[in-house]
Amino acid sequence: MKIIAIIPCRLKSQRLKNKLLKKINDKPLFLYTYLQTKKCKMIDECYVATDSKLIIEECIKYGIKYFKTSHKHKTGTDRIAECSKKVKADIYVNVQGDEPLISASSISRVVKELINNKKYFASTAFSKIKNKSEIKNKNVVKIIFNRSKEIIYLSRSPIPHNNKVNKYSFYFKHLGLYAFRKEALNIFNNFNMSNLEISESIELLRLIENGINVRVVNVLDHIKSVDTASDFKFIKKLILKNAI
């Protein structure tokens, strides 16, 4: 079985301009995501997918395999779908470029979830929200799922609404880590952006709105993605402290 990881990278982030090229120890942010992803022994090959000349220059500098993709893509998964036409694999892992502290074990858990549950075309990760401030934070995508560990819905709003179960411990956040079979990418690519996807700005809703069940797995060691300047400051401090 061939498993490849593709890290979609774009520079048009609205909340933190050119965040993937922001430097820590004179290295671009996305490089840390790449190096963390490479630590996963289940991954056979790792690529960056981008339409940015600046990111391509950094890939060449650090010897990273890359795909130059269309500038028309609206989401990272659209980039992965394009790449899947250029390289054959059984499973394509989408690791968001702003996840510099993603762990090898998290990637393995999401991949194994798809391998062990063959009726599903896609799997993704979540973790429990431990900080109350994240519940109303629109940068944190909340997720709810059924007893079969299938996603019911994702939202930037607090879901479930008016939760009264054990304060806020019932809330979960979605993480920027997905695994797809080729069939899922074909389905994703064949549909236009869905109404829910546009409303929430969450690409995985395209599959869900079109009737594709997505399996979820609990990841316990997730720290934080980089969405804002304060996130970057926090991550930079951790990386410098731990000499990652």
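Since the structure is predicted, the reported quantities are computational estimates derived from the model, not experimental observations.

Engineer: Honestly, the overall build of the chain in this entry has me stumped. Any pointers?
Structural biologist: Looking only at helices and strands, the chain has eight helices and 11 strands in total. Here the chain has a C-alpha radius of gyration of 17 Å; the compact-globule value for 244 residues is 18 Å, and the two agree. With the principal axes as the frame, the chain shows a C-alpha extent of 50 × 40 × 30 Å. Each of the 244 residues in the chain was classed as buried or not, and the buried ones make up 55%. A separation of at least 24 residues holds for 69% of the contacts in the chain among residues at least 6 apart in sequence. Of the roughly 12,500 Å² of accessible surface on the chain, a fraction of 50% belongs to carbon and sulfur atoms.

Engineer: I tried to follow helix α3 (residues 76-83) on my own but got confused; where do I start?
Structural biologist: Since there are 3.6 residues in each turn of an α-helix, residues three or four apart along the chain are aligned in direction. Of all eight residues in α3, eight are buried; the element is thus mostly enclosed. Those residues of α3 lying buried are Gly76, Thr77, Asp78, Arg79, Ile80, Ala81, Glu82 and Cys83. With a side-chain oxygen lying 3.4 Å from the backbone nitrogen of Thr77, the N-terminal cap of α3 falls on Thr75.

Engineer: Hey, could you run me through the pattern of salt bridges in this one?
Structural biologist: When the charged atoms of two side chains lie near each other, side chains of opposite charge can form a pair. One pass over the structure, following the stated rule, counts nine salt bridges. For Lys86, the salt bridge identified is with Glu82, shortest N-O distance 3.1 Å. The salt bridge involving Arg215 is made with Glu113; its shortest N-O contact spans 2.7 Å. Here Arg215 is found in strand β11 (residues 215-218), whereas its partner Glu113 is found in helix α4 (residues 104-116), with 102 residues between them in sequence.

Engineer: What am I meant to see in helix α5 (residues 182-190) here?
Structural biologist: Of all the positions in α5, only Ala184, Leu185, Ile187 and Phe188 are classed as buried. Within α5, the buried residues cover an arc of 160° as seen down the axis, which keeps them to one side.

Rules used throughout
Residues numbered from 1 in each chain as written. Predicted model: local features only at pLDDT ≥ 70, side-chain atom pairs only at ≥ 80, totals over all residues. Heavy atoms only, no water. Helix = DSSP H or I, 4+ residues; strand = E, 2+ residues; numbered from the N terminus. Rg over C-alpha atoms; globule rule 2.2 N^0.38 Å. Buried < 20%, exposed > 50% of the residue type's maximum accessible area, 1.4 Å probe, protein only. Contact = heavy atoms within 4.5 Å. Areas by Shrake-Rupley, 256 points an atom, 1.4 Å probe, with all protein chains shown as cover. Polar contact = N/O pair within 3.5 Å; in protein donor to acceptor, adjacent residues only side chain to side chain. Salt bridge = Lys/Arg side-chain N within 4 Å of Asp/Glu carboxyl O. Arc of directions from axis to C-beta.

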